[in-house]
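# Analysis of the macromolecular model
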Amino acid sequence: MKKFVNQPSAAVDDYVAGLVGAHREILEWDAENRVLQRREVPPRPKVGLVGGGGSGCEPTHSGFVGYGMLDAAAPGQIFTSPVPNQIVAATRRADSGKGVLHIIKNFTGEVMNFGMAQEILYFEDIDVAQVVVNDDVSIPDDGETAGRRGLGATVLVEKIAGAAAEEGRELSEVLALAQKVVSRSGTFAVGLSSCTPPARGKPVYQLAENEMDLGIGISGEPGRERVPMANAQEIARLMVDEVLSDLAPQEDAELLMLVNGMGATPHHELYLLAGELAAAAEAGGTRVTRQLVGNFVTSLDQAGAAVTFLELDQELTGLWDAPVQTAALRWGR
Amino acid sequence: MKKFVNQPSAAVDDYVAGLVGAHREILEWDAENRVLQRREVPPRPKVGLVGGGGSGCEPTHSGFVGYGMLDAAAPGQIFTSPVPNQIVAATRRADSGKGVLHIIKNFTGEVMNFGMAQEILYFEDIDVAQVVVNDDVSIPDDGETAGRRGLGATVLVEKIAGAAAEEGRELSEVLALAQKVVSRSGTFAVGLSSCTPPARGKPVYQLAENEMDLGIGISGEPGRERVPMANAQEIARLMVDEVLSDLAPQEDAELLMLVNGMGATPHHELYLLAGELAAAAEAGGTRVTRQLVGNFVTSLDQAGAAVTFLELDQELTGLWDAPVQTAALRWGR
Amino acid sequence: MKMMTDKNLTKTDLEGWILDFAGQIIEQHLVLSDLDAASGDADHGSNMERGMSALLKSVPDWDEVATPGEFLKEVGLHIVSSVGGSSGALYGTIFLRMARAVGDAPSINAGLLSDAFEAAAQGVAERGKVKQGDKTMFDALAPSVQALKAKLTEKKSLSEALASAAAAAEAGRDATFDMVARKGKSSYARENSRGFIDPGATSVAMLIRSAARTLG
Amino acid sequence: MKMMTDKNLTKTDLEGWILDFAGQIIEQHLVLSDLDAASGDADHGSNMERGMSALLKSVPDWDEVATPGEFLKEVGLHIVSSVGGSSGALYGTIFLRMARAVGDAPSINAGLLSDAFEAAAQGVAERGKVKQGDKTMFDALAPSVQALKAKLTEKKSLSEALASAAAAAEAGRDATFDMVARKGKSSYARENSRGFIDPGATSVAMLIRSAARTLG
Ligand SMILES: Nc1ncnc2c1ncn2[C@@H]1O[C@H](COP(=O)(O)OP(=O)(O)O)[C@@H](O)[C@H]1O
Ligand SMILES: Nc1ncnc2c1ncn2[C@@H]1O[C@H](COP(=O)(O)OP(=O)(O)O)[C@@H](O)[C@H]1O
Ligand SMILES: [Mg+2]
Ligand SMILES: [Mg+2]
Ligand SMILES: [Mg+2]
Ligand SMILES: [Mg+2]
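Residues numbered from 1 in each chain as written. Chains lettered and ligands numbered in written order. Predicted model: local features only at pLDDT ≥ 70, side-chain atom pairs only at ≥ 80, totals over all residues. Heavy atoms only, no water.

With an RMSD of 0.0 Å, the operation that places chain A on chain B is a rotation of 180 degrees combined with a shift of 0.0 Å along the axis. Accordingly, the operation relating the two chain copies is best matched by a two-fold axis. The position closest to the rotation axis in chain A is occupied by the C-alpha of Ala264(A), lying 2.0 Å away. A shared interface surface links the copies, since 100% of the contact residues of chain A are contact residues in chain B too. (Least-squares fit on C-alpha atoms with pLDDT ≥ 70 in both. Contact = heavy atoms within 4.5 Å.)

Now the structure itself:
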């Protein structure tokens, strides 16, 4: 294993220290409760947004804490969802009287630990709502699995719900928007390598030099099927087909496209792929009117990429364009 | 080789297509001249900024074209500097009557091709100045080599000179600022892997599982020496020592720190390393008052990281903080 | 070896059980993570190891803890707040439900222990929305509880009953080899999850084997 | 085989040379990139291959090009505008300086060819700020020009002189093996650049060997 890491068991703490040090104007780390939170409490009450999940998927959620997105994040250990105590503390921090939205990626551990946190929070005077993000179209919706994973749509939910909260909307409206984003999003991911969790010190699995892994998630588990490597255009067509055949957007729909690297995929390859993905989507009649390209929902040092499409409408587009200032996403401020 | 790529020979074109498609509001590709340029011509004359270099180092320079940084960029083939014709065309495009600054990373090919472009431009009515960025402290300044390479300081030069140009300053002032940034910057890079140029299809060289490569550049050539892998704190101390012993900032200096990934190094590791780098720098008495962490001056899919320190003063800090809106760097707008 | 009877387990007995289990986990955690690597995310061992190491450090300080119920609750809270992931919630649930079942009894007899294990299995089923055959820890836990109950109903000694429970857990663990996962991260691999033993079933089999070794 | 005399090379002869060289490069480009991988950036072969493939495609359309000088200039401009990198500027300089040296002469005799090569070497020295021993293409080019001149001064045939030049270029190429690079990307490797043959010296030796084969 070759990584910039000290003690593997301290990987999350050491990362958070670096992140907070680099973004002091935005972030603060509550070490006791293990909560990453906005330095500045919002000037007037707003709906609070809390994200949480296993670490190793950065900048999700840590890099999205700040103006226009999350109020607090609860980072778990690598690939391990946070514990209920963290989620409870993050919720208390995020609450300014208008309630708190929990943004949960649909992974068993995350769902169960947020669930336990909600049992605890039941006894407190905080309105808590939850949205479960499950945009991964690679998992069939047949009840035979833990269900579709929460992948790239998480960023879109946090951005759009965050903008709505910043506007002062009520918890019910923010929740409805978050659910709308989930229901109008789909993601498909392709892995070109496995990844190496620091505590493990070796890759989770091996992919042959001529193989790619279709339908991967974000914590290193193997994907749906291994197929021979193809070129960018072929891969893009396959990915677009997987998402759009499931999402079935209106003809002529305006789409937001998130092209997401899994951690080790360089800028050059991601944008090259983005060009092919946009072309493939537009060949089907839709229009890609917003794009975000980069490593946003990652799986440590895995090579690979995912595409997320969100069927936009005027409201969603406006909230997407609204200002944001976090470690990993910034515009308009 | 597993990459998102079509024909290796089309890697640059396909990348540019994706980049421009994702950032239509900022960028435009002059396919005939192979120049990437700002879509909007500045409303009033300003000093033009042109960057150019081998591709594979993205987002340098392509991702830095836009408000507050470059007016045009000339991307060469992978690891191959652009040809003079491209540089000439980029210069013509960037000129709005106040002259053009060429930002050249000190690599033989880049210096020679910009040199040939200047011989051609000599006959045109455009003031051309050039700054040669050579911040790589891993190369001894003993005349026995091609000289210090231009690495992370390129981003700082482009940002700071770009902000000065945007303010309406004259070419001589913009040049002086660029030179000031170069003279107050130093960079040291560490590789954890080699990289794979698409046309080559295999890694440039091999690093053993327990080795790291000290003093690497940005086009895959082997570094100064291979040493056993160490932990993040040890690596950070070594890197900081290399740069600060060369740069010799004033005691109590305020430093800007750029922590730059080589392409395949994930957010988690970069920020973790950034924390250790800042701690090591501050242990020496300086203060790290600005940070930028991410993959900015890369070497395809190489794993590794570089640190650049710039000794700030009030003027440089102000120009650094000024608004910027490019594909890869954005704040204040 | 133990001087107590079969029937009345104290907090100290339970402590012996948990310390033994913690030792096993710490020793075997790489194996557990490797099992999780086959179709999951390769962290079951490191998750459990982190929790058990923290527990070992903290147990000596639990001065207030006197009753078996208090001890089990403390273990559960400790796991919930240090392990995370699916196993944190599930193992936490196991011990918290056992604690609830034994209440403030000063010691636990065989019947109460059996009830406690049954409550634990019930808790896992609820928290995980899981049933037998889904290829999870429940496939080790459920048959072991059935075996324990059956042996005690047959008036066998606790020692014998626990040995039978451990064997049932291990058989349940081994039976996961041929199953296709329907819950947890392994379920994403669908057909490809077949041909591997479930890591959570493996650690639960260790838990019951530990119980047989220390409480029987 | 050729029906011309030693002394008067036409544009067609030069075309034969360049097409031969281009063919060699295209055949050997992986070897050249591998040499560049040892201490450089592994692209010398692909750079040259790109330029030579483009050249091969474009040469048939150079209808206007009549004199040797025009041909050499066209080759130079073509390389400058298609290769990039160090070798683009340097090979471009080689041909542009040769073109300058031959001027508008309708054909080139041995003396003029030798002057043209000397101008080329001079051009590389200036553009690259390079001297012999720096472990670059100049270590193949400079001795080959010296050999060419020396043989012609000794009144040897152009054929013999070019053969000697090619041998000198190859010896110069091989001599780079033991050198430490002081120019170009390999220079960053310092001591570690020793023990490898310089890729640019290798392609230049191919250029001169081609000249010996086609012009001699
Ligand atoms: N829904 C569920 N019900 C019961 N057990 C489950 C469920 N989901 C997962 N498990 C168990 O959890 C184990 C994985 O635990 P662990 O790897 O620590 O957590 P994670 O899956 O969050 O990485 C699986 O091997 C399985 O036995
Ligand atoms: N300053 C120089 N003078 C002469 N030749 C040089 C100089 N720098 C590099 N070279 C030659 O260029 C070759 C490398 O060319 P190439 O790999 O195509 O370009 P780059 O170095 O830009 O990648 C080297 O092998 C060397 O022969
Ligand atoms: Mg996990
Ligand atoms: Mg090169
Ligand atoms: Mg797991
Ligand atoms: Mg090269």
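On to the coordination of the magnesium ion (ligand 5), then. All names here are of chain C. Taken together, Asp36 (OD), Asp41 (OD) and Asp43 (OD) make up the protein donors of the magnesium ion (ligand 5), found 1.9 to 2.2 Å from the metal. The sequence pattern describing where the donors of the magnesium ion (ligand 5) fall on their chain is D-x4-D-x1-D. Metal-to-metal, the separation of the magnesium ion (ligand 5) and the magnesium ion (ligand 3) is 3.5 Å; Asp41 coordinates the two. Each member of the pair, Asp36 together with Asp41, is buried. (Donors = N, O, S within 2.8 Å, 3.2 Å for Na, K, Ca; no water. Buried < 20%, exposed > 50% of the residue type's maximum accessible area, 1.4 Å probe, protein only.)

To continue, consider the interface of chain A and chain B. Listed as interface residues are 55 residues of chain A and, on the opposing side, 55 residues of chain B. Each partner contributes to the roughly 4,500 Å² buried at the junction of chain A and chain B, and carbon and sulfur atoms together form 59% of this total. For the chain A face of the interface with chain B, the top three residues by lost area are Lys2(A), Phe4(A) and His268(A), together amounting to 22%. The tally of links between chain A and chain B comes to two salt bridges. The partner of Lys3(B) in a salt bridge is Glu269(A), with the nearest N and O atoms 3.5 Å apart. On inspection of chain A and its partner chain B, the count reaches 30 residue pairs in polar contact (both at pLDDT 80 or more). Listed by contribution, the elements that provide at least two residues to the side of chain A that touches chain B are α1 (11-22), α6 (232-247), α7 (267-283), β12 (287-294), β13 (304-311) and β15 (330-331) of chain A. Within the side of chain A that touches chain B, the residues separate by chemical class into 27 nonpolar, 16 polar and 12 charged. (Buried area = accessible area lost by both parts, 1.4 Å probe. Salt bridge = Lys/Arg side-chain N within 4 Å of Asp/Glu carboxyl O. Polar contact = N/O pair within 3.5 Å; in protein donor to acceptor, adjacent residues only side chain to side chain. Helix = DSSP H or I, 4+ residues; strand = E, 2+ residues; numbered from the N terminus. Nonpolar A, V, L, I, M, F, W, Y, C, P; charged D, E, K, R; others polar.)

With that settled, the discussion passes to the coordination of the magnesium ion (ligand 3). At the metal site, the magnesium ion (ligand 3) is ligated by Phe79(A) (O), Asp41(C) (OD) and Asp43(C) (OD), and these contacts range over 2.1 to 2.2 Å. A relative accessible area of 4% places Asp41(C) in the buried class. The class for Asp43(C) is buried, based on a relative accessible area of 7%.

Further remarks concern the arrangement of the chains. With three pairs of chains in contact overall, the contact-richest pair is chains A and B. Contact between chain A and chain D is absent, and the minimum C-alpha spacing across the pair is 18 Å.

This part covers the environment of Leu112(C). All names here are of chain C. Structurally, Leu112 is set in helix α5 (residues 110-128). When the C-alpha positions of Leu112 and Phe71 are compared, they lie 15 Å apart, and in sequence the two are 41 residues distant. Look past the residues within four positions of Leu112 in its chain and what remains in contact with it is Ala101, Val102, Ala105 and Ser107.

On to the sheet that holds strand β11 (residues 254-261) of chain B. Residues and elements named next belong to chain B. Taken in spatial order, the six strands make up an open sheet running β10-β9-β8-β13-β11-β12, and their pairing is mixed. Both outer strands of the open sheet, β10 (225-228) and β12 (287-294), are each paired with one neighbouring strand and no more. Taken pair by pair, the neighbouring strands of this sheet meet at an average axis angle of 20 degrees, ignoring direction. Across seven bridges, the pairing between strand β8 (residues 185-191) and strand β13 (residues 304-311) is antiparallel. The residue of β13 that forms the bridge with Phe188 is Val307. (Pairing = 2+ DSSP bridges. Axes fitted to C-alpha atoms, helices over the stretch in contact; angles between N-to-C directions.)

Neighbouring ligand 1 are 20 residues, the closest being Asp43(C), Asn47(C), Ser87(C), Met137(C) and Asp198(C). At the site occupied by ligand 1, the surrounding residues belong to chains A and C. Asn47(C) places a polar side-chain atom, nitrogen or oxygen, 2.9 Å from an oxygen atom of ligand 1. A distance of 2.9 Å is found between a nitrogen atom of ligand 1 and a backbone nitrogen or oxygen belonging to Gly128(C). Against a free-state accessible area of 560 Å², the protein chains account for coverage of 97% of ligand 1. Elements represented by at least two residues in the shell around ligand 1 include exactly α2 (44-58), α4 (85-102) and α8 (199-215) of chain C. Considering every element that reaches the shell around ligand 1, the biggest residue donor is α4(C), with four residues. For the shell around ligand 1, the residue count by class is five nonpolar, 10 polar and five charged. (Near = heavy atom within 4 Å. Areas by Shrake-Rupley, 256 points an atom, 1.4 Å probe, with all protein chains shown as cover.)

Glancing now at the interface of chain B and chain D. In many analyses, interface size is given as the accessible surface area lost on bringing the parts together. Listed as interface residues are 35 residues of chain B and, on the opposing side, 33 residues of chain D. Taking both sides of the interface into account, the surface hidden between chain B and chain D amounts to around 2,600 Å²; carbon and sulfur atoms contribute 55%. Where chain B touches chain D, the interface holds five salt bridges. Across the salt bridge formed by Arg127(D) and Glu119(B), the nearest N and O atoms sit 2.9 Å from each other. Of the residues forming the side of chain B that touches chain D, the biggest block, seven residues, is contributed by helix α3 (residues 108-121) of chain B. The class makeup of the residues in the side of chain B that touches chain D is 14 nonpolar, 13 polar and eight charged.

Next up on the list: the site of ligand 2. Near ligand 2, the surroundings consist of 20 residues, among which Asn47(D), Ser87(D), Gly128(D), Met137(D) and Asp198(D) are the closest. Looking at what sits near ligand 2, you find residues from chains B and D. At 2.9 Å from a nitrogen atom of ligand 2 is found a main-chain nitrogen or oxygen belonging to Gly128(D). In the environment of ligand 2, an oxygen atom lies 2.5 Å from a nitrogen or oxygen atom belonging to the side chain of Asp198(D). If ligand 2 stood free it would expose 560 Å²; the protein chains cover 97% of that surface. Listed by contribution, the elements that provide at least two residues to the shell around ligand 2 are α2 (44-58), α4 (85-102) and α8 (199-215) of chain D. By residue number, the principal contributor to the shell around ligand 2 is α4(D), which donates four residues. For the shell around ligand 2, the per-class residue count stands at five nonpolar, 10 polar and five charged.

Moving on to the pattern of salt bridges. All told, the structure shown has 79 salt bridges over all chains when counted by the stated rule. Notably, a salt bridge pairs Lys149(D) with Glu118(D), separated by 3.0 Å at the nearest N-O pair. Within this pair, whereas Lys149(D) is found in helix α6 (residues 138-153), its partner Glu118(D) is found in helix α5 (residues 110-128), the two being separated by 31 residues in sequence. Each of Glu167(A), Arg169(A), Lys180(A), Asp313(A) and Glu315(A) takes part in one network of salt bridges that share partners.

Applying the stated criterion across every chain, the model contains 18 aromatic pairs over all chains. With a centroid separation of 6.3 Å and an interplanar angle of 85 degrees, the aromatic rings of Tyr15(A) and Tyr271(B) are classed as edge-to-face. Here Tyr271(B) lies in helix α7 (residues 267-283) and Tyr15(A) lies in helix α1, a pairing that spans two chains. Taking the relative accessible area as the measure of exposure, Tyr15(A) reaches 1% and is therefore buried. Look at Trp17(D) and Phe95(D): their rings are 5.9 Å apart centre to centre, the planes differ by 50 degrees, and that puts the pair in the tilted class. With a gap of 78 residues between them, Trp17(D) in helix α1 (residues 11-39) and Phe95(D) in helix α4 connect regions that are remote in the sequence. Among the residues examined, Phe95(D) registers a relative accessible area of 1% and is labelled buried. One aromatic cluster is present, built from ring pairs that chain together Trp17(C), Phe95(C) and Phe117(C). A cation sits over an aromatic face here: Arg149(A) above Tyr188(C), 4.3 Å from the ring centre. For Arg333(B), the ring lying beneath its charged end belongs to Tyr67(B), and the centroid distance is 3.8 Å. (Phe/Tyr/Trp six-rings, centres within 6.5 Å; stacked < 30°, edge-to-face > 60°. Lys NZ or Arg CZ within 6 Å of the ring centre and 35° of its normal.)

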